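Descriptive analysis of the structure
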Amino acid sequence: MKLKMKWALMTMIFTIATVLTGCEPLLVLDPKGPQAKTQADDIMLSIWLMSGIVIVVLAILVFVLIKYRASNQSKDYEPPHIEGSPIVEAICIGIPILIVIFLSIVSVKSNYEVEATPAGYEDQEPLIIYASSSNWKWHFSYPEEDIETVNYLYIPEDRAIEFKLYSYGPITSFWIPQLGGQKYAMADMVTTLHLAADTQGEFVGRNANFSGAGFAENTFEVTAMSQADYDDWVKEVHETAKPLTEEKFEELLEPGHLGRSTYTGTHLEFSPAPNHDHGSTETDAEESEHENHESTNTDEESSHAHH
């Protein structure tokens, strides 16, 4: 019986070791940007803290089991009657409270960091990209470059990226694990996500929120490149890509999976993003309100002229 248990244990250890040998590092623990680095540090801090707690608790358990085992006591041993220990109770209640307070402070601090412009990029103008989802694809609009891509994203290295997220279908979640955490994209509002890549490379992005039958393949590719290569790509797109028409965009919105495609112009011209921008700065809101006010005045003047 003991021999069988020994072989079963060895087999289990060998299987686990073999499986783990082929595992790639977790993407969330392989950050390629400041936002992802902050989140990876928080994850590792939590893991080490919890590991320390487990080790201490198990060590105390082993100590108690060995020291106070029945065979280690005299036959006539009678345990004393104890009502309670203020010291033990203070430790059991106080330590968890301190741990929760510590992790709360760390979490709040990191949340403020990842919701703001990435550290070190505050003095530069961010590249704004509208990322909209549909069943089951991603549309990336570059207003500054007047370009739109489907299911792939090119970004310059060492530049802050400000994503404006929304959806043309069910709620989705925009996530590039090596650059930062996920954020929801919804149909009636825009959410803002700040990211940056501090190294060149190719990364995987996906929809992290179940959105129907094609959810598993609702992915996209991200390539971070030098500013010079990015400028060359923009120039090449304007020389070779076809313009995005309203008819073509309506076709792209039809449910289904597509490969990569590139267009000049963006769908924002005929199908703008929702007006409500959750996460925009006060200045952005004021500018938007000012633009809406000017647009209203223009429409009124046009109406009067027509009459």
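Residues numbered from 1 in each chain as written. Predicted model: local features only at pLDDT ≥ 70, side-chain atom pairs only at ≥ 80, totals over all residues. Heavy atoms only, no water.

With 14 residues, helix α4 (residues 227–240) extends 20 Å between its outermost C-alpha atoms, agreeing within 8% with the 20 Å of an ideal straight helix rising 1.5 Å per residue. Three or more residues of α4 are buried, namely Y230, W233, V234 and V237. All buried residues of α4 lie within an arc of 100° about the axis, which places them on one face of the element. Structural note: α4 exposes K235, E239 and T240 on the side pointing more than 90 degrees away from its buried face. Tucked into the core, α4 has its buried residues touching β1 (127–134), β2 (137–142), β3 (147–150), β4 (152–156), β10 (219–225) and β12 (261–264). (Helix = DSSP H or I, 4+ residues; strand = E, 2+ residues; numbered from the N terminus. Expected span 1.5 Å × (residues − 1). Buried < 20%, exposed > 50% of the residue type's maximum accessible area, 1.4 Å probe, protein only. Arc of directions from axis to C-beta. Contact = heavy atoms within 4.5 Å.)

To continue, consider the nonpolar core. Ranked by size, the top nonpolar core spans 30 residues in total, and within it F163 and F174 carry the most contacts. Mapped by element, the contributors of at least two residues to this core are β1, β2, β4, β5 (161–167), β8 (190–195), β10 and α4. Setting aside its immediate chain neighbours within four residues, F163 contacts I129, A131, L153, F174, T191, T192, L193 and L195. Counting residues in each nonpolar core, the second largest holds six residues, with V150, L244, F249 and L253 among its members. (Core = buried A, V, L, I, M, F, W, Y, C linked by side-chain atoms within 4.5 Å.)

Before going further, it helps to spend a moment on the layout of surface pockets. Each pocket or cavity is described by its volume, and for the second largest pocket that value is around 320 Å³. Contributing to the lining of the second largest pocket are I53, V56, V57, I60, V88, I91, C92, I95, P96 and I99. Contributions of two or more residues to the lining of the second largest pocket are made by α2 (34–67) and α3 (86–115). For the lining of the second largest pocket, the leading source of residues is α3, giving six residues. (1 Å grid on protein atoms, 1.4 Å probe; cavity = no way out; pocket = protein on both sides within 12 Å on 5 of 7 lines; lining within 4 Å. Points joined across faces, edges and corners; volume = space filled by probe spheres on them.)

What follows concerns the sheet that holds β2. Pairing between sheet strands relies on hydrogen bonds along the backbone, with the strands arranged either parallel or antiparallel. Taken together, the eight strands give an open sheet; going across it, the order is β11-β12-β3-β2-β1-β5-β8-β13, and neighbouring strands pair in mixed fashion. Either end of the sheet is taken by a strand with one partner, and the two such strands are β11 (242–243) and β13 (277–278). Bridge count for β2 against β3 is four bridges, and the pairing is antiparallel. From the neighbouring strand, Y142 faces β3, where its bridge partner is I147. Taken strand by strand, α4 contacts β1, β2, β3, β11 and β12, and its axis lies near 95° from that of β3. (Pairing = 2+ DSSP bridges. Axes fitted to C-alpha atoms, helices over the stretch in contact; angles between N-to-C directions.)

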